[in-house]
Amino acid sequence: MVLVAGVDSSTQSCKVVVRDATTGALVRSGRATHPDGTEVDPAHWWTALQAALADAGGLDDVAALAVGGQQHGMVALDADGSVVRDALLWNDTRSAGAAVDLIAELGDGDPAAGAAAWAAAIGSVPVASLTVTKLRWLRDHEPASAARVAAVALPHDWLTWRLAGYGPAAEGCVPDLTALTTDRSDASGTGYWSPVDEAYRPDLLRLALGHDVVLPRVLGPGEVAQRVPRAGATDLLLGVGAGDNAAAALGLGMVPGDVAVSIGTSGVVSAISPAPTTDASGLVTGFADATGAYLPLVCTLNASRVLDAAARLLGVDHAGLSTLALAAPAGADGLVLVPYLEGERTPNKPDATGALHGMRLANTTPAHLARAAVEGMLCALADGLDALRAQGVPVARVRLIGGGARSEAVQAIAPSVLGLDVTVPAPGEYVADGAARQAAWALSGAATPPDWAPTTGTVVRTGTPEPRVREQYAAVREMTAVRPGA
């Protein structure tokens, strides 16, 4: 049996799966945690990767490995291969002002023209999550650090580079910045790579950072990124890797018409599209996928943690929250939760706060609040489905994934809010699985990824569409407060 490994280096943890390269059957797995925060020393990712690999039994019998990683995180390196400062992660919103500035500058002072120009250039309009805005923030707020930057990588790029033996000269590694590699899916989330032209836009990077730097080589799907020599054994092949959403789509075996609604730390609505998208409204980010197609995506900052907050407020666990939510009627008798608890990315409201609307004596009960929390979170994701449709993206089937998708209430309520049948695949590490499938692809040298057995799942009942839930949410979602002092 030939084995391959897939890594998911996410915001919260590092997961590793080891699978049969031919069938995809799971052989073993491991994991380790990451520290909390929206800025992290990448050394923690490296330490966690080593621990997760050890927990998964090591790599001695593994032929190939690929890394799926959280998108957008800014890993700035100096000429010696050292990290200049802690990486700013996708969910760090301090660069919201930088996004506004970049949009205006590309439009010669006209925000609307700037948004259209950015969408045409990279398929997306900058928001605080994109790497390009973090580089502008660095230039404006830490100019000495910005001046030291010689290369910019993303989390999965940096981990692949380290696995190949590259890194800081001070740690005895080879500080070859030109050995950095990435893939089109992760590059498409930087803000300075065009999925339409399949090329970097160095002019946009200079607009942000102020000077040119080394950028990872963008390799094609299924390519080998590195070969790591091993004494007395064949080389370990490193696949090109992918951004986490693209890796998950590969792990799920998604095809055009499939939409993944992921309820994790963030809420993500992503679909496979045969053509790129360019949404000047900024709602849909026009990413590439891990196979050569495209992955238009809508991302919210608030997803499973909305459920966490509601459960904490009501003094129950997640099972108790589900029981309460299902005890209340659809629409929660007019109680609406706008779930912008940490600002919001889509719509772009980094300084907004969450709010409860429509409170009356009759609906101020634990059950109504639980229902409003579930429906508010799902309505934000349903808005994402609408935004994909508006871009001409085929939307036929929904797969509900992520930790929040395990909620009985979420599974029961989602079909009526989303308006589609919902399939809930068996819980799994879809990002790591996609990375493992990519590793097997690189190992095979084939033109397409291996045809692993699809993930089985359960179709949740369609339910009765409840348009009033969406309607009452739409009526109040703009009535959001701005964080004091913002």
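In short, a report on the structure. Values in this document were obtained by computation on a predicted structure and should not be read as measured data.

Here aspartate 108, not a glycine, exhibits a phi torsion of approximately 55°, which is positive. With respect to the helices and strands, the residue aspartate 108 is situated in the loop between α2 (96-106) and α3 (111-122). The backbone of alanine 332 shows a phi angle near 50°, a positive value even though the residue is not glycine. Looking at where alanine 332 falls in the secondary structure, it is placed in the loop between α11 (318-327) and β20 (336-338).

Tracing the backbone through its elements, the reader meets leucine 53 in helix α1 (residues 43-55). By relative accessible area, which is 7% here, leucine 53 ends up buried. Setting aside chain neighbours within four positions, we find leucine 53 in contact with Val16, Gly58, Leu59, Leu65 and Leu163.

Let us now look at helix α12 (residues 366-390). In this model, α12 (25 residues) spans 36 Å end to end at C-alpha, consistent with the 36 Å of a helix rising 1.5 Å per residue. Counted residue by residue, α12 has 20 buried out of 25 residues, so it is predominantly covered. Positive phi appears at glycine 392, one or two residues downstream of α12, with a value of about 80°.

Applying the stated criterion across every chain, the model contains 27 salt bridges. For arginine 184, the salt bridge is made with glutamate 198, and the minimal N-O distance between the two is 2.7 Å. Remark: glutamate 198 occurs in the loop between β10 (193-194) and β11 (199-200) and arginine 184 occurs in helix α7 (residues 184-187); sequence separation between them is 14 residues. The class of arginine 184 is buried, set by a relative accessible area of 4%. In this structure glutamate 198 comes out as partly exposed when scored by relative accessible area, which is 39%. Each member of the salt-bridge network shares a partner with another, and the members are Lys349, Asp383, Asp386, Arg389, Arg470, Arg477 and Glu478.

This paragraph deals with the pairing of strand β2 (residues 13-20). Where burial is concerned, most of β2 is hidden: 8 out of the 8 residues are buried. Bridge count between strand β1 (residues 3-9) and β2: 7 bridges; the pairing is antiparallel. Following the sheet pairing, leucine 3 is matched in β2 by aspartate 20. Hairpin connection of β1 to β2: 3 residues between the antiparallel strands. When β2 meets strand β3 (residues 26-33), the two strands line up antiparallel, connected through 7 bridges. By the bridge assignment for β3, valine 17 is matched with serine 29. The antiparallel pairing of β2 with β3 creates a hairpin that spans 5 residues between the two strands, and glycine 24 there sits at a positive phi of about 85°.

Of note, leucine 238 is situated in strand β14 (residues 233-239). Assessed through its relative accessible area of 1%, leucine 238 is described here as buried. Between the alpha carbons of leucine 238 and leucine 59 there is a distance of 12 Å; along the sequence they are 179 residues apart. For leucine 238, the residues in contact, after removing those within four places along its chain, are Leu65, Thr160, Leu163, Ala164, Val224, Ala225, Gln226 and Val228.

What counts and what doesn't
Residues numbered from 1 in each chain as written. Predicted model: local features only at pLDDT ≥ 70, side-chain atom pairs only at ≥ 80, totals over all residues. Heavy atoms only, no water. Helix = DSSP H or I, 4+ residues; strand = E, 2+ residues; numbered from the N terminus. Buried < 20%, exposed > 50% of the residue type's maximum accessible area, 1.4 Å probe, protein only. Contact = heavy atoms within 4.5 Å. Expected span 1.5 Å × (residues − 1). Salt bridge = Lys/Arg side-chain N within 4 Å of Asp/Glu carboxyl O. Pairing = 2+ DSSP bridges.

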